[in-house]
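The primary structure of each chain is shown beneath.
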Amino acid sequence: MKQLYMYISLVLLLAGACVKVNNLADEAAVERFTVIAVQPADVRVGEVVIEPGKIRVRLSPRDDLFPFTFRTETKVSHTTVDLVNIPAEFRFETGSGSERFYAVAESGIPHAYDVTLEAIDTGADITTFSIQGEAGSITIDPWAGAVHIPATPATFPYKLTATLALSNGSAVQDTLITFENINQVKEFAVITDDGAYTRTWKISLESPAQLPNADFELWINEGTTTVNIDPMPGKVWGTGNNSFVQGTLPVNRNGGRAAEMTTGIQKIPFLNHELVTAGTLYTGNFVLSLSFENPRSMTNFGVSHKRRIAAVAFDAYYVAGVQLQQSVKNGSKYVVTDIEGRDTGEAWVEVLNWAGSGELKYHGDPVDGVTVLGRGNIIFDGTEASAGAWSNFEIPVAYTNTILAPTHLVIVFTSSKDGDKFIGAKGSKLTVDNVTLRY
Amino acid sequence: MKAIIVSILLAASLTLQAQETPQQHPPVVAGIQIGTDIGGAIPFPFKHLPERYNPYPHLTLSLGGRVGVPLTATWSLGMEITYKTISLNADARVKNQKFQDGAAIQYFTGSANMQQRFTIVEFPVYAKYNLPGGNRLLAGIYNGWTLDGLFRVEPLKGFTGAKADWFDAVMDENMDEMRFDDATGSWDIGLLFGYERQIFPRLDLGIRFSCGFKDIFKSGQKYFDYSMIHMRGSVVLAYDLVRVPVKTR
């Protein structure tokens, strides 16, 4: 009987081997994404909009909405074999958060889907809010029913004239708003056309925005091989850290944390490459691709930031490693060789205008739709007066385009300036803390 | 390769049912043989075979010599020495294929090419049962010394993660192949089964199935969470240069 089972098993294996893997489909798609088991339970969930790479869950804003959680039932295309990184329960702490999972094609190619929330117009919403000279920098938060105006007036009362557009399409022209102090919140009632619902919007002044976690206090998975700077909220900061390389680590400073980037020699498992890897920290996110021809392709630089900055200031110190080295391909393997010169660290800033749609994929090289409006950088060569000791640095942004509005901000720190070419010195360290945007 | 395995097993079982008592005492023989092997190293236990696995065996000539010594009227002892190259390419679609290199563990999901080639000197020793009409069944063990081993995996499409069913990194289509050549072991031992038929005087045609016991990788080189063992089918053509009749009482 056992022999019979063996024959049957072998025949089944044979039958399963009929499809060549290069004929397997590369496409994968989510066709249905049903939201179930929502919390708070009485939240009104609207349409779920599925687009390539994006799923938008529409729901009505309300004061006690967050944390908002839900489970899902999904239907995928016939060429999709699996969904990975999909949580058992989606959890949103704010309306601007996102969750990413992947639909896996027959061939194994993963297709990313970003799940975001989209506020349903309540019929009593402010849809646009503008004041002269502040185009593009005012934030409308439909979840909280709030308008944030970035301003730090020198004197009060501070008067401004605003133009609003409302849910029903009507506009309120030249509304005079007066703030008596920086903490004052002005209220603006918007009523639905049928008069059944009134939403009170809060309009406030706020200091120009700073980046979240810019003091580098928040990290995840400390003490493990997947330690990384906390990608939440907003996934502002990214590093090249993964289970292969841990070049950016938290260190103690003044009772808190700072980010220490270190250049090292990493042996890549399975491939036996020896790579000079620079520690990095930047605004954006990292997608590991096991390709070593173009390391920059793994770094997506830039986060949404719509206000023009004048400079970026930060605390830092730099120590250069002793021997400059480079990984060069020798046959099929990368090996480390000594080269002449001295390692340098770098911090650079770019203010971008992204005219495209979807997720920005900018690796520091020219991309269609991306205009670099302004740039600045600092080179740390280890010989500066502050070398080896904490000092405050400022990178002024020199603008070459003052017409287009900023959409994204790139700030990059690296312990070896030419790390993307696998050039650096083992032990070079750039440590940074307290990044501040100056307007 | 799976088809070959099935064919050999079926042929062996069917032939076993047809055995009869032989009439003549076999001679002592010494000869040469050529052949070819189809197969290579495959995951064991078989449950680790990828869900889609397409082997493309390369046929290469094996060369060797053999000696047969009769023990009784029906049983003989056979010994061989064979120089052979076993070569197999395959493509496969795998899910959560675990790779471990020291402390680094990664799970790969996607499609990949696999290339393996082993140059081996093999020493089979087996008992041969003589059937009427020049048919013989044989069973024994083999010991093989690997002169040169090549085992490479080239991920084509897919992703890796630090745990199963998890995405961390996309596989670039230009990713370098992973070479495990240096990790392949130097010897193997296993079982051998076969069927042989005399097609002309002094000329025998045989088919064999051999299955190794030992992981192809050196001990301590634990790249996968399963063993890779040799499993092959062979076709052999043997010519007896010397035949010395044995006197019977």
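Residues numbered from 1 in each chain as written. Chains lettered and ligands numbered in written order. Predicted model: local features only at pLDDT ≥ 70, side-chain atom pairs only at ≥ 80, totals over all residues. Heavy atoms only, no water.

## Brief notes about the sheet that holds strand 4 (residues 68-76) of chain A
All names here are of chain A.
Item 1. Here three strands make up an open sheet; going across it, the order is 1-4-6 and the pairing antiparallel. Edge strands, defined here as strands with exactly one partner in the open sheet, are strand 1 (30-39) and strand 6 (90-92). Taken over all neighbouring pairs, the strand axes of this sheet differ in orientation by 35 degrees on average, direction set aside.
Item 2. One ladder, built from three bridges, connects strand 4 with strand 6; its direction is antiparallel. Following the sheet pairing, F70 is matched in strand 6 by F90. (Pairing = 2+ DSSP bridges. Helix = DSSP H or I, 4+ residues; strand = E, 2+ residues; numbered from the N terminus. Axes fitted to C-alpha atoms, helices over the stretch in contact; angles between N-to-C directions.)

## Details of the domain arrangement of chain A
Item 1. Looking at the assigned domains, one finds that chain A contains domain 1 (2-119), domain 2 (126-206) and domain 3 (219-438).
Item 2. Of note, the centres of domain 2 of chain A and domain 3 of chain A, computed from C-alpha atoms alone, are 38 Å apart. (Domains from an automatic or database assignment.)

## Here's the deal with the nonpolar core
Item 1. Judged by nonpolar contacts, the single largest core of 33 residues is most densely connected at W237, F314, F413 and V432 of chain A.
Item 2. Residue assignment for this core shows that the elements contributing at least two residues are strand 20 (256-262), strand 27 (311-319), strand 30 (345-354), strand 31 (370-380), strand 32 (391-396), strand 34 (408-414) and strand 36 (429-438) of chain A.
Item 3. Those residues in contact with F314 of chain A, other than ones at most four positions away along the chain, are A347, I378, F380, S391, N392, F393, I395, F413, V432, D433, N434 and V435 of chain A.
Item 4. By size, the runner-up hydrophobic cluster in this structure holds 31 residues, among which are A90, A92, F99 and F224 of chain B. (Core = buried A, V, L, I, M, F, W, Y, C linked by side-chain atoms within 4.5 Å. Buried < 20%, exposed > 50% of the residue type's maximum accessible area, 1.4 Å probe, protein only. Contact = heavy atoms within 4.5 Å.)

## Re the pairing of strand 3 (residues 54-59) of chain A
Residue and element names in this part refer to chain A.
Item 1. Residue alternation in strand 3 divides its side chains into a buried set, I55, V57 and L59, and an unburied set, K54, R56 and R58.
Item 2. Alignment of strand 2 (residues 45-51) against strand 3, held across five bridges, turns out to be antiparallel. By the bridge assignment, I50 is partnered in strand 3 with I55.
Item 3. In this structure, the hairpin formed by strand 2 and strand 3 is closed by a connection of two residues, where G53 is found at a positive phi of approximately 80 degrees.
Item 4. For strand 3 and strand 8 (residues 110-119), the ladder comprises six bridges, and the chain directions are parallel. In the sheet register, K54 faces strand 8, and the bridge partner there is D114.

## Looking at the environment of L352 of chain A
All names here are of chain A.
Item 1. Mapped onto the elements of the fold, L352 is located in strand 30.
Item 2. For L352, a relative accessible area of 0% translates into the label buried.
Item 3. Counting along the chain gives 44 residues from L352 to R308, while the straight-line C-alpha distance between them is 9.6 Å.
Item 4. The residues touching L352, leaving out its near neighbours within four places in the chain, are L360, Y362, V370, T371, V372, L373, A405, P406, T407, H408 and V410.

## A look at the pairing of strand 7 (residues 98-105) of chain A
Residues and elements named next belong to chain A.
Item 1. Examined bridge by bridge, strand 5 (residues 80-84) and strand 7 share four bridges and lie antiparallel to one another. Bridging from a neighbouring strand, V84 pairs with Y102 of strand 7.
Item 2. Bridging between strand 7 and strand 8 involves seven bridges; their strand directions are antiparallel. By the bridge assignment for strand 8, E99 is matched with V115.
Item 3. Counting the residues in the hairpin turn of strand 7 and strand 8 gives four residues, including G108, whose phi is positive at 110 degrees.

## Looking at the pattern of salt bridges
Residues and elements named next belong to chain A.
Item 1. Within the structure shown, the criterion is met by 34 salt bridges over all chains.
Item 2. With a shortest N-O distance of 2.7 Å, R100 and D114 are connected by a salt bridge. Of this pair, R100 sits in strand 7 while D114 sits in strand 8, and the two are 14 residues apart along the sequence.
Item 3. With a closest N to O distance of 2.8 Å, R375 and E350 form a salt bridge. Here the residue R375 occupies a position in strand 31, and E350 occupies one in strand 30, the gap between them amounting to 25 residues.
Item 4. Note on R375: relative accessible area 35%, which makes it partly exposed.
Item 5. Among the residues examined, E350 registers a relative accessible area of 5% and is labelled buried. (Salt bridge = Lys/Arg side-chain N within 4 Å of Asp/Glu carboxyl O.)

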